[in-house]
Amino acid sequence: MTARPAWLPWLCWLAWLIALPAPALAWYEVAEQSQPLGLHLSLLPTPEPISLAAAIRARQNGAFQPSQHDVPRLGIGAAAHWLYLPLFNPSDRPLRRTLQLGKAWVDQLDVHLLSNGRLLQQLQAGDDQLRGLQATPGMGYLLALELPPGRSELYVHARSTDPLVLPMRLLSDSDVQQASAAVQYSYGALYGFLLALMAYNLMLWAGLKDRNNLNYSLYLGAFILLNLSYTGHAGAWLWPDSLFLKRYANPAMMSAAAWLGLHFARHFLELDAHAPRLARAVSRGATTSVLLMLLCIGLDWHAPALWLAFVSVLVYTLLMVLLGCICLRHGQVAARYFLAATLCGMLGTALTDLSVWGLVPFSTLTYRAVDIGIALEASLLALALAYQMRQHQRALRRAQSLAYSDPLTGLLNRRAFIEQGNALWSTTRRHGQPLTLIMFDLDHFKRINDEHGHDMGDDCLTATARVLTQQCRAGDLLARWGGEEFLLLLPATRVDEAVALAERLRHAIASLTLESRVGQLTLSASFGVVSREQHTRLEELISSADERLYRAKQDGRNRVCGPQTDYC
Ligand SMILES: Nc1nc2c(ncn2[C@@H]2O[C@H](COP(=O)(O)OP(=O)(O)OP(=O)(O)O)[C@@H](O)[C@H]2O)c(=O)[nH]1
């Protein structure tokens, strides 16, 4: 006798296990606490429509398979399905429960409640018909059931070209109230926040004419519409009577949001400057996808429109990260905020997708992660815009300061002196205050340059400017008029006070000692002082000061020439 192989009993045991009919579903005891019913369901895909009677026979023949997930998710373009749920009402009276089923985008739901083979209730819902029950915004379809005492059976026929996602719960009246309050508050907060951001950026655009604000507002607007559409808010409020919009709003808004998001990214990240070819490719690709979407909508190709929308959003998300990384590599600091924002949006969307596909637990938090992600994304993008605005303001201030100041000494230049001097002229005149001007020039400066070098000459100029800044008051205007010539316009200062100041300055400059290659270097300067009387314009005052300065030079330099001959 040949020995029996050792693995044979195992194989028999395995074959027995496989041959076992699917375990009969336990009757779900209707409790006060609602919970996801996915694991109590069994399902039958029906590519060809079958009647309720045929579905009942198929279930009795064991054709239904138990659902593997808390929330049955059957994908885009999935076949229609029959769902079966055996229910047990332990009380001795009928129980009123609300069946919360599906998402707002599901096309058709036919619900049948049976007891002892008798049809007790039949309800219809879905977004591809106007006569059935419509979705409650943010909550899916809410169908009122009256469960008889003891056993009853629920057969649901579900069909959709949109993703067939079928969360199912039995809610008591208080559950419905709580859930609807939570949905209203949370969506109210989300839409309020996003609409406020959108309106604020539109106002900024109206005021500042910065295209980034407009692009960002449009992107936010598209996202808000998309969210309103897939949660059912838009179907309930904005287009309750349009089957066409209920059908195409989701893919159209997904496509529009992706296009507007990329358009915003292109300008915000200044992609045309950093990667012009990529910028053009992104723009062409995004526009092509929008045109294809319009074609699908025009030809009423629903399934291709959906696939196109999902692929567009996927490509869009990856592109946003890629663009952020490229601009970060080019040293664009604002790209950091942009990248962080995109990653938040992406993480939120991924978490929602994973929860819908069963790879992370399905809960309100994981399902709504996309909303949290988008709120964070919107906030970070707003910060990114604010940061960019601050950078522009800084650059503008830097440019202004370069245009108005002398780069060597940091004092005002000619243009700034004339502008600010005229303003000071008018203010002091209005207040009846005196105004005086000191003009001075370093003596024999050419010789310093020639003997000690140009750099030493520069050091003398900066040292002189330092002395000036230390000796003068905050309201005085100090300028380098040109070469080694300086101006001080002194508001509310009488001429005798100005002459005294000029003397102090002369001494201070004369006591400066600078180290040069050939030993210590000392400076001197000649001063001309004039007051406003008899002058009608600032330019005249400057000419008079120049004349006095000339006289001081003529009279031997290193001196102050004021209105009184004593000083000169
Ligand atoms: N190092 C340096 N020299 C400058 C600068 N601007 C003008 N100069 C020089 O300043 C000198 C001015 O010479 P002059 O106008 O002849 O006057 P000066 O030698 O001071 O003679 P007086 O004014 O009559 O005492 C020139 O040699 C210019 O090249 C500057 O920014 N740096």
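Everything numeric here is computed off the predicted structure, so don't read it as measured data.

Of all the residues in helix α2 (residues 52-60), the buried ones are L52, A54, A55, I56 and A58. Turning to α2, the residues buried within the fold contact β2 (42-45), β4 (81-89), β6 (108-115), β7 (118-125) and β9 (150-159). Following α2 by one or two positions, G62 has its phi on the positive side, about 80 degrees.

So, on to the pattern of salt bridges. Taken as a whole and assessed by the stated rule, the structure comprises 15 salt bridges. Linking D406 and R480 is a salt bridge whose minimum nitrogen-to-oxygen distance equals 3.3 Å. Note that D406 is positioned in the loop between α12 (369-404) and α13 (414-430) and R480 in strand β12 (residues 477-482), a separation of 74 residues in sequence. Here the residues in one salt-bridge network are D441, D443 and K553, joined through shared partners.

Within the secondary structure layout, S172 lies in the loop between β10 (168-171) and α3 (173-208). For S172, the contacting residues outside a window of four places in its chain are E32 and R97.

The next thing to look at is the packing of α3 against α12. The contact between α3 and α12 brings their axes to 11 Å, and the two run at 20 degrees. The pairing of α3 with α12 is recorded here as roughly parallel in orientation. Between α3 and α12 lies a crossing of left-handed hand. The residues of α12 that touch α3, namely those facing Y187, L190, F193, L194, L197, N201, L204 and L208, are D371, I374, A375, A378, S379, A382, L385 and M389. A class-by-class count of the residues in the contact of α3 with α12 yields 13 nonpolar, two polar and one charged.

Take the nonpolar core next. Counting residues in hydrophobic clusters, the biggest one holds 94 residues, and the most contacted among them are L87, L99, L109, L154, M168, L170 and Y216. For this core, the element with the highest residue contribution is helix α6 (residues 243-268), accounting for 11 residues. Taken domain by domain, this core gets at least three of its residues from each of domain 1 (19-171) and domain 2 (177-401). If we ignore the near neighbours within four places in the chain, the residues touching L109 are L101, L123, Q124, A125, G126, Y141, V156, H157, A158 and L166. Listed in part, the 34 residues of the second largest apolar core include L411, L490, L501 and F527.

Once that is clear, we can look at the packing of aromatic side chains. Aromatic ring pairs are defined here through the distance separating the ring centres and the angle between the ring planes. Using the criterion set out here, one finds 14 aromatic pairs in the structure. Centre to centre, the rings of W82 and Y155 are 6.5 Å apart; their planes meet at 75 degrees, and the pair counts as edge-to-face. With a gap of 73 residues between them, W82 in strand β4 and Y155 in strand β9 connect regions that are remote in the sequence. As far as burial versus exposure is concerned, W82 and Y155 are alike and both buried. Clustering of aromatic rings is evident, with ring pairs tying together F64, W82, Y84 and Y155. A cation over a ring is seen here: R59 above Y84, with NZ or CZ 4.1 Å from the ring centre. Across from the ring centre of W425, 5.2 Å away, lies the NZ or CZ of R532, which sits over that ring.

Tallied over the full model, the rule gives three cavities of 30 Å³ or more. Taken as a whole, the largest cavity spans an internal volume of roughly 160 Å³. What lines the largest cavity is a set of 15 residues, and nearest its centre among them are A104, D127, G232, G235 and K246. Mapped by element, the contributors of at least two residues to the lining of the largest cavity are α5 (233-237) and α6. With four residues, the single largest contributor to the lining of the largest cavity is α6.

A few words now on the UniProt feature "transmembrane region" (unreviewed entry) in the protein chain. Residues given the UniProt feature "transmembrane region" (unreviewed entry) here are residues 185-206, 218-239, 251-269, 281-301, 307-328, 337-360 and 366-387. Annotated as residues 185-206, this span is 100% helix and 0% strand, and its ends, taken at the C-alpha atoms, are 31 Å apart. Taken end to end, residues 218-239 comprises 86% helix and 0% strand; its first and last C-alpha atoms sit 20 Å apart.

All right, on to the sheet that holds strand β5 (residues 95-101) then. Adjacent strands of a sheet pair through backbone hydrogen bonds, lying either parallel or antiparallel. Read from one edge of the open sheet, three strands run β8-β5-β10, paired in antiparallel fashion. Two strands close off the open sheet at either side, each with one partner strand: β8 (141-147) and β10. Strand-to-strand, the axes of this sheet are offset by a mean angle of 30 degrees, without reference to chain direction. Bridge count between β5 and β10: four bridges; the pairing is antiparallel. Note that in β10 the partner of L101 across the bridge is M168. Along the sheet face, α3 touches β5 and β10 and points at about 120 degrees away from the line of β10.

In the vicinity of the ligand lie 16 residues, with H444, F445, N449, D458 and R480 positioned nearest. In the model, a nitrogen atom of the ligand is placed 2.8 Å from a nitrogen or oxygen of the N449 side chain. R557 places a polar side-chain atom, nitrogen or oxygen, 3.0 Å from an oxygen atom of the ligand. In isolation the ligand exposes 670 Å². Once the protein is present, 66% of that is buried. Breaking the shell around the ligand down by element, the ones donating at least two residues are β11 (435-442), α14 (445-452) and α15 (454-471).

Considering every residue of the protein chain, the mean pLDDT works out to 89; 94% of them sit at 70 or more. The complex model carries a pTM of 0.68, and its ipTM stands at 0.95.

Here we take up the layout of surface pockets. Rolled over the atoms, a probe sized like a water molecule indicates the empty space that remains. In this structure, the largest pocket spans a volume of roughly 1000 Å³. M254, F310, V313, T349 and D353 are the residues nearest the centre of the largest pocket, which is lined by 38 residues in total. Counted by class, the lining of the largest pocket contains 26 nonpolar, seven polar and five charged residues. Estimates place the volume of the second largest pocket at around 560 Å³. For the second largest pocket, the lining is made up of 25 residues, of which Q100, R169, A179, V183 and T364 are closest to its centre. Those elements that place two or more of their residues in the lining of the second largest pocket are β5, β10, α3 and α11 (364-367). The element best represented in the lining of the second largest pocket is α3, accounting for seven residues. Each residue belonging to the lining of the second largest pocket can be placed in one class, and the counts come to 13 nonpolar, eight polar and four charged.

What counts as what
Residues numbered from 1 in each chain as written. Predicted model: local features only at pLDDT ≥ 70, side-chain atom pairs only at ≥ 80, totals over all residues. Heavy atoms only, no water. Buried < 20%, exposed > 50% of the residue type's maximum accessible area, 1.4 Å probe, protein only. Helix = DSSP H or I, 4+ residues; strand = E, 2+ residues; numbered from the N terminus. Contact = heavy atoms within 4.5 Å. Salt bridge = Lys/Arg side-chain N within 4 Å of Asp/Glu carboxyl O. Axes fitted to C-alpha atoms, helices over the stretch in contact; angles between N-to-C directions. Parallel < 35°, antiparallel > 145°, perpendicular 65-115°, else oblique. Left-handed = near helix turned anticlockwise from the far one by under 90°. Nonpolar A, V, L, I, M, F, W, Y, C, P; charged D, E, K, R; others polar. Core = buried A, V, L, I, M, F, W, Y, C linked by side-chain atoms within 4.5 Å. Domains from an automatic or database assignment. Phe/Tyr/Trp six-rings, centres within 6.5 Å; stacked < 30°, edge-to-face > 60°. Lys NZ or Arg CZ within 6 Å of the ring centre and 35° of its normal. 1 Å grid on protein atoms, 1.4 Å probe; cavity = no way out; pocket = protein on both sides within 12 Å on 5 of 7 lines; lining within 4 Å. Points joined across faces, edges and corners; volume = space filled by probe spheres on them. UniProt positions renumbered as here; feature names shortened; annotations may be inferred. Pairing = 2+ DSSP bridges. Near = heavy atom within 4 Å. Polar contact = N/O pair within 3.5 Å; in protein donor to acceptor, adjacent residues only side chain to side chain. Areas by Shrake-Rupley, 256 points an atom, 1.4 Å probe, with all protein chains shown as cover. pLDDT = per-residue confidence, 0-100.

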